[in-house]
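Here are the chains, one letter per residue:
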Amino acid sequence: MAHQRVHTGKRPFTCSDCGKGFTYSSKLKVHQRVHTGYKPFTCSECGKGFAQSSELRSHERVHTGEKPFSCSVCGKSFTLSSLLLRHQSVHTGERPFTCSDCGKGFTRSFSLQRHQSVHTGEKPFSCSDCGKVFTETSHLLVHQSVHTGERPFTCSICGKGFIQSSHLQIHQRVHTGERPFTCSVCGKGFTRSSHLQAHQSVLTGEKPFTCSVCGKGFTRSSTLQSHLQVHPGERPFTCSDIGKRFSQIQ
């Protein structure tokens, strides 16, 4: 009977905090830890806590360096299968999950669901220290470091600390020289996918970031923010929480 819910889509177990539904009561119990903050699985190396044992096992690879998932195209290895799947889109360009509101494509259904909160405005995750709300638990965890000052991921070469393991991985390319994102037109390599996207817009002439004051287009959001200083006194960006207006995104 429980298995049939996989086919019917029925989710009889509902979270009383956020309304999310689940097919199994066990999955609801694990989910509720997002709201309670309960993290029974602790890393013996750095003391970081996790809500699920699978999350702890994945995290431990940060310390061991184990990367069991390899790309069959370029040989790059990853700590998580989900990271490998995300990486493979660099080679295929496939984005099968499309937002019905804005048409933006995503490599994973989870990424699409996460993006849709931009349109709905839903922010179910709250900081217990200051009350600020977030669309994702990962954003909440990053924010909480503002209060704790914790930077558990440390570069073994220079000692610099980071809030997230992904930030550490990007930083390490400064030392290794690795540039995994390559332009298919000119072959130039980049350390970040966002840098590759900005480079490609230079080749195509696309300028997706537009000044709301004068209409001028830019290839990068950072260039747009610098440009806004040309319009002194203009405050085109409004905070949805407090209504205050700003001259640039902060």
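Cut-offs used in this document
- Residues numbered from 1 in each chain as written.
- Predicted model: local features only at pLDDT ≥ 70, side-chain atom pairs only at ≥ 80, totals over all residues.
- Heavy atoms only, no water.
- Salt bridge = Lys/Arg side-chain N within 4 Å of Asp/Glu carboxyl O.
- Helix = DSSP H or I, 4+ residues; strand = E, 2+ residues; numbered from the N terminus.
- Buried < 20%, exposed > 50% of the residue type's maximum accessible area, 1.4 Å probe, protein only.
- Expected span 1.5 Å × (residues − 1).
- Contact = heavy atoms within 4.5 Å.
- Phe/Tyr/Trp six-rings, centres within 6.5 Å; stacked < 30°, edge-to-face > 60°.
- Lys NZ or Arg CZ within 6 Å of the ring centre and 35° of its normal.
- Polar contact = N/O pair within 3.5 Å; in protein donor to acceptor, adjacent residues only side chain to side chain.
- Disulfide = S-S within 2.5 Å.

I'd like a rundown of the pattern of salt bridges, residues and numbers included.
Under the defined criterion, the tally for this structure stands at one salt bridge. In this structure, Lys 76 and Glu 178 form a salt bridge, with 3.7 Å as the shortest nitrogen-oxygen distance. Here the residue Lys 76 occupies a position in the loop between strand E5 (69-70) and strand E6 (77-78), and Glu 178 occupies one in the loop between helix H7 (165-176) and strand E13 (181-182), the gap between them amounting to 102 residues. In this structure Glu 178 comes out as partly exposed when scored by relative accessible area, which is 32%.

Could you give me a rundown of helix H3 (residues 53-64), with the residues and numbers involved?
Taking 1.5 Å as the rise per residue, H3 with 12 residues should run 16 Å; its terminal C-alpha atoms sit 17 Å apart, in good agreement. Buried-residue contacts for H3 involve strand E3 (41-42), strand E4 (49-50), E5 and strand E11 (153-154). At the exit of H3 stands Gly 65, carrying a positive phi of roughly 80 degrees.

Tell me what's going on with the packing of aromatic side chains, and back it up with residues and numbers.
Summed over the entire model, instances satisfying the criterion amount to zero aromatic pairs. For Lys 76, the ring lying beneath its charged end belongs to Phe 181, and the centroid distance is 5.8 Å.

Explain helix H5 (residues 109-120) residue by residue, including any values.
An α-helical segment advances 3.6 residues per turn. Residues three or four places apart therefore align on the same side. With 12 residues, H5 ought to run about 16 Å at 1.5 Å a step, and its terminal C-alpha atoms sit 17 Å apart, in line with that. Tucked into the core, H5 has its buried residues touching strand E7 (97-98) and strand E8 (105-106). Downstream of H5 by one or two residues, Gly 121 has phi in the positive range, about 80 degrees.

Describe the side chain of His 115, with residues and values.
Mapped onto the elements, His 115 comes out in helix H5. Looking at His 115, its side chain comes within polar contact range of the side chain of His 119, at 3.2 Å. Ignoring any residue separated from it by four or fewer positions in sequence, one finds His 115 in contact with Cys 99, Cys 102, Lys 104 and Phe 106.

Pulling in residues and values, what's your account of the state of the cysteines?
Enumeration according to the criterion identifies zero disulfides in this entry. Cys 46 forms no disulfide, and the closest cysteine sulfur to it belongs to Cys 43, at a distance of 3.8 Å. In this model Cys 155 remains outside any disulfide bridge; the closest cysteine sulfur is found in Cys 158, 3.7 Å from its own. Judged by relative accessible area, Cys 155 falls into the buried class, the value being 3%.

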